[in-house]
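Residue-level listing of the chains:
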Amino acid sequence: MLNFKQINNVTGWVVFAVATLVYILTVEQTASFWDPGEFIAVSYKLQVPHPPGAPFMLLVYRMFSFLAMGDPLQVAYWMNIGSAVFSGFTILFLFWSITLFGKRLFKIEEGQENKGQTIALIGAGLVGSLVYTFTDSFWFSAVEAEVYAMSSFFTAIVIWAFLKWDVIKDPREENKWMIFIAYLVGLSIGVHLLNLVTLPALALIYYFKKYQNPSIKGAFIAMFLGGVALIIINNLIIPGLPSLAGSMEIFFVNSLGLPFGSGIVVFIALFLATVFYAYRYSRKKELAILNTALLSLIFILIGYSSYALIVIRANQDPIINENAPKDIVSYVSYLKREQYGYRPLLHGQYFTAKLVDQVEGDPVYMKGKDKYEIVDYSLVNTYDPTKTTILPRVYSTQESHKRIYRQKLGLREGEDPTFGDNLYFMFSHQLGHMYWRYFMWNFSGRESDFSDAPWIGITDAISTDYPEYITENKGHNNYLMLPLLLGIVGLFFQAKVDPKSFYVNLMLFLMMGVVLVLYLNSPPVEPRERDYIYVGSFYAFAIWVGMGVLAIAHLIAKANKNLATAGIIATLLTLPVVGLMASENWNDHNRRGRYFSVDSARNFLASCAPNAILFTGGDNDTFPLWYVQEVEGFRTDVRVIVLSYFDTDWYVEQMTKQADESAPLPFSLSPERYQKGTNDVLYVTEREGLNAISVKEYLKLLDGGSPLLKMETGGKSVVNMVPSRNLILEVDSAAVADQNIIPEEFTELFVPQMNLQVKGQYVTKGTLMLIDLITSNNWERPIYFNNTSLATIGINIDEHVVMEGLTYRLLPIRKPEFIREELVNAELAYKNFKENFAFRGMNNPDAYLDEEYRRFASNHRSAVNSIVIALLDQDDMEKAADLLNYGLEVMPNEAIPYDLSSGQSVPLFFEVGEDEKAMDIIDKVSKKSLDMIEFYQTQNRDYDREMMISIEMVKYFIPLLEERGYQEKAQELKLRMSSLLGAEESSGGSLLDRR
């Protein structure tokens, strides 16, 4: 007969198999949106990702790519499988952790488990681990190649290893496990730092085991020491040792005149010698604790040594080489994530505080020819001390953030927030919206996958008020609050029966949830939902779900006096909760049939002429492009430039080198003029009588270091200016003619001069280098912008760009005033859409296309509208109708619900004689819009962007219908709008008209 250990092991592996199979069956088949595109590309070729990097993950996922057997189209799939496998292992160690917590709760000695205890423990582990298997946030990360799956694995195995250490009696074996744990922590640093947050909780396990009469004071001291260990690793070891090495390197090279690398060699020698002699001393004096601590430190450093990959690969100049951490100075900046700025934590300013002083702080070094040179100074900002506070939560001084703060806090313009407002924002937004809402998504239910979707509870679960657009949304997941209730039962049961274990798990729950929220100090708006950050906290709650099964078994056993039967009943009663979560979450976590993240990237590149330069905006604009070029090898002749990175010297330098089939880019400015600390910002100071300046002459003056451009500042840094916001580019007409770049229909729009007019009060380095590139390129290579970058560049070139599909090409022409929309090369754009663009899976209603996929689909629909308008202006009715119908064919409502862009296409369908299709769009969009308006009204919800669009859509349709003679439908919409919003608000023109 099998004993508990054998049953526990076998069942754990069965759970692992179930979880892994679930994730493999639902895994993303290519590179999804956001960071996976970047991580797959950099893992495939061992390049350098964004700070602080994940070198150990890159090495491991590179090995998973070997399973593609040389097929680049399968690389992403097999790396995603890597996440599925690591997530399966996370569930395995969760199962074993729950049974270990259960044994502590029952106070069972190893090998003394009876039949009833075995059944109850296995049932608890089964339900708790499978509930977590199907949670929304963890499942999301489990099926894509991101750091969070592997990070969760390290968190799970470290918690399990500490629980195993807790039951070991032999001190020698204890020390071996402690060293093993230290090695795991070191390896996890090369993936993600979430693992470190568990240390204060794990210190409690150590304290409760080593001290037979624990006290509250002792527990707090233990947690404090665990926090000290966290700070030592996170602040002293990870960036601290390299920082110390860097300081020694600068001293040896700059002060002593020794060659590069000498300070690092000396530092390493001294550090190793210190550790070695300390280790010998601990052995000689038989100091077991010191010896174990030193060995643990050594194994943490061995694990941390994976970071050598970052420096090694950076020096090989890979195409993706973010921050280019080639030397100790740039490596320290990379580790410290300096490019992301600073968020105040314990003390800082309110968002209304004025900057009263700005002084130069520590020097910023850069490796020169024979020494490390000072290129800049860090800035220390001082704000009005009357408008600072402890624990600052409403701190961001960005104008867009200020507006949101005022809106959320109900503050008038000019009104200062109070400390009460500060705390209100912390509890309502940072803890409420950015944590508890996510927590409830995972254990109670989620209304939809729309942005800022709320959680749903018992009353919502049985409500009939939800409109069809929500109930039919695949992200509408309703668990009847059963996982939450089961976890709460387990929480109270563990707190009552085994308070020591309860405090350990409580600390895990708080440290990886609430404390992490407070540490991150989120701004009022994020680019996407951040629930995946807090999966560690949800992991701890899943342990309480397992304890809830034990609580039910314990309660039943009190009645029937048979724990074995009680364990079976408790398991059978709670296992349907797992089934409920699986059934609710499957359709919005099954990623099979999704390819548009990659296809949209291909479509952007396919919109560009050969040998083009393409400027992009944020993560989703860029990372899929990197994947498509670096892994699939598609259109590597196109040089992709990330606009935000263009503000850095390392990125500009990379643009001057060959990248696959893309030749180096030309710049007139010498490297000294764009290095860090030089021309980071140039202020527009319009000189009297100087209405404009030649951009070529300006660049010559700047490159020559002309004193005419220098500004007086109180600091040591040199600041240059732009003497006029009108920068005139003389167009080389001969070069334009040789290249034959202007389409025939636009030849009359040719201009001999272009005004690269500065938009704001200053020019960033990125804008300066863009101006330089446009000037130096002299029309030899096509320059394109996507819609995001075009909207955010610092110069106004809207009149000089032509849409060619999804991208906008810069040409020496000027848009006529009678054209309200963008200029469109209709023939080329039509050809690109019909012949060169891919839309795999976009017509499949069974495929789950989440908000990002729908947003990119909307961009494509909007592009169709622009092309159709241009075709109609050319009286090409046939092609216009064909493209409109093609858009409906590849992106039908059944797969991607009609949206704003669809609504804007209605007059175009009318114009080409497709009244039936126009009316179908009106019917579907107006129904959804009116349902949303009614739902928001009955729920008393604040208007958001989607609500405002819904109102505008219906207002947009009414005059269209009246104009086309559909009076009855127009009157129906009028009456419904009037009943919902009142006659005044439901009337008036719409902002959506494009024609």
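Being a predicted model, the structure only gives us computed values, none of them experimental. (Residues numbered from 1 in each chain as written. Predicted model: local features only at pLDDT ≥ 70, side-chain atom pairs only at ≥ 80, totals over all residues. Heavy atoms only, no water.)

Colleague: Describe the pattern of salt bridges, naming the residues involved and giving the relevant values.
Modeller: A full pass over the atoms with the stated rule returns 48 salt bridges. With its nearest N and O atoms 3.2 Å apart, the salt bridge here joins R861 to D899. On the criterion of sequence distance, the pair formed by R861 in helix α33 (residues 851-873) and D899 in the loop between α34 (877-890) and α35 (900-904) is long-range, its members being 38 residues apart. The burial state of R861 is the same as that of D899; both residues are buried. With its nearest N and O atoms 2.9 Å apart, the salt bridge here joins D931 to K927. One end of the pair is D931 and the other is K927, both in helix α37 (residues 915-939) and 4 residues apart, which spans about a single turn. A relative accessible area of 40% places K927 in the partly exposed class. (Salt bridge = Lys/Arg side-chain N within 4 Å of Asp/Glu carboxyl O. Helix = DSSP H or I, 4+ residues; strand = E, 2+ residues; numbered from the N terminus. Buried < 20%, exposed > 50% of the residue type's maximum accessible area, 1.4 Å probe, protein only.)

Colleague: Which residues make up the pairing of strand β9 (residues 681-684), and what values do they have?
Modeller: Only one face of β9 is buried: it carries L682 and V684, and the other face, with V681 and Y683, is open. Bridge analysis of β9 against strand β16 (residues 762-764) gives 3 bridges, and the strand direction is antiparallel. Bridging from a neighbouring strand, Y683 pairs with Y762 of β16. Here 2 bridges tie β9 to strand β12 (residues 719-722), and the two strands are oriented parallel to one another. Residue pairing across strands places V684 opposite V722, the latter belonging to β12. (Pairing = 2+ DSSP bridges.)

Colleague: Any chance you could break down empty space enclosed by the protein for me, citing the residues and the numbers?
Modeller: Tallied over the entire structure, the rule returns 5 cavities of 30 Å³ or more. The space that makes up the largest cavity amounts to roughly 110 Å³. R861, V864, N865, L884, G887, L888, M891, Y898, S901, S902, S905 and F909 together form the lining of the largest cavity. Breaking the lining of the largest cavity down by element, the ones donating at least two residues are α33, α34 and α35. Counted by class, the lining of the largest cavity contains 6 nonpolar, 5 polar and 1 charged residues. (1 Å grid on protein atoms, 1.4 Å probe; cavity = no way out; pocket = protein on both sides within 12 Å on 5 of 7 lines; lining within 4 Å. Points joined across faces, edges and corners; volume = space filled by probe spheres on them. Nonpolar A, V, L, I, M, F, W, Y, C, P; charged D, E, K, R; others polar.)

Colleague: Which residues make up the environment of G457, and what values go with them?
Modeller: Take G457: it is sitting in the loop between β5 (445-446) and α18 (458-461). G457 gets classed as buried once you look at its relative accessible area, which sits at 5%. Sequence separation between G457 and I741 is 284 residues, and the spatial gap between their C-alpha atoms is 60 Å.

Colleague: Break down the sheet that holds β12 for me, with residues and values.
Modeller: The 4 strands lie next to each other as β11-β12-β9-β16, forming an open sheet whose pairing is mixed. Each end of this open sheet is capped by a strand with a single partner; those strands are β11 (710-711) and β16. Together, β9 and β16 form the strand contacts of helix α30 (residues 765-777), whose direction differs from that of β16 by roughly 80 degrees. (Contact = heavy atoms within 4.5 Å. Axes fitted to C-alpha atoms, helices over the stretch in contact; angles between N-to-C directions.)

Colleague: Go over helix α16 (residues 399-409) with me, naming the residues and quoting the values.
Modeller: Within the span of α16, buried status applies to H401, K402, Y405, R406 and L409. The buried residues of α16 occupy an angular sector of 140 degrees when projected down its axis, which confines them to one face. In α16, those exposed residues whose orientation departs by more than 90 degrees from the buried face are R403 and Q407. Summarising the contacts, the buried residues of α16 are in contact with α17 (419-443). (Arc of directions from axis to C-beta.)

Colleague: How would you summarise the nonpolar core if you had to cite specific residues and measurements?
Modeller: Y23, F615, F646 and F957 are the most contacted members of the largest nonpolar core, which totals 306 residues. With 17 residues, the single largest contributor to this core is helix α4 (residues 75-106). Leave out the neighbours within four places in its chain, and Y23 touches A84, S87, G88, I91, Y132, T133, F138, W139, A142 and V143. (Core = buried A, V, L, I, M, F, W, Y, C linked by side-chain atoms within 4.5 Å.)

Colleague: Could you give an account of the pairing of β12, with specific residues and numbers?
Modeller: The side-chain alternation of β12 yields two buried faces, one formed by V719 and M721 and the other by N720 and V722. Relative to β12, β11 runs antiparallel, the two sharing 2 bridges. Within β12, the position partnered with M711 by the bridge is V719.

Colleague: With reference to specific residues and values, describe the sheet that holds strand β17 (residues 783-785).
Modeller: Reading across from one edge, β8-β7-β17-β20-β19-β21 is the order of the 6 strands in this open sheet, with mixed pairing throughout. Both edges of this open sheet fall to β8 (639-642) and β21 (823-824), since each of them pairs with a single strand only. Here strand β19 (residues 801-803) runs beside β21; their pairing, made up of 2 bridges, is parallel. Residue pairing in the sheet places M803 in a bridge with V824 of β21.

Colleague: Tell me about the packing of helix α5 (residues 115-133) against helix α24 (residues 563-589), and name the residues and values.
Modeller: Orientation of α5 relative to α24, taken along the N-to-C sense of each, is 10 degrees, at an axis distance of 8 Å. Looking at the two axes, α5 sits roughly parallel to α24. When α5 is examined against α24, the residues K115, G116, Q117, I119, A120, G123, L126, V127, L130 and V131 are found in contact with a partner set consisting of L563, A564, G567, I568, T571, T574, L575, V577, V578 and M581. Across the contact of α5 with α24, the residue classes break down as 13 nonpolar, 6 polar and 1 charged. (Parallel < 35°, antiparallel > 145°, perpendicular 65-115°, else oblique.)

Colleague: Please give an account of a nonpolar patch on the surface that cites residues and values.
Modeller: The grouping of L480, L482, L485, I488 and F492 at the surface amounts to a nonpolar patch, some 420 Å² of accessible area in total. Position of F492 relative to the elements: it lies in helix α20 (residues 482-497). (Patch = residues over 30% accessible without salt bridge, like charges linked within 9 Å, V, L, I, M, F, W, Y side chains within 5 Å. Areas by Shrake-Rupley, 256 points an atom, 1.4 Å probe, with all protein chains shown as cover.)

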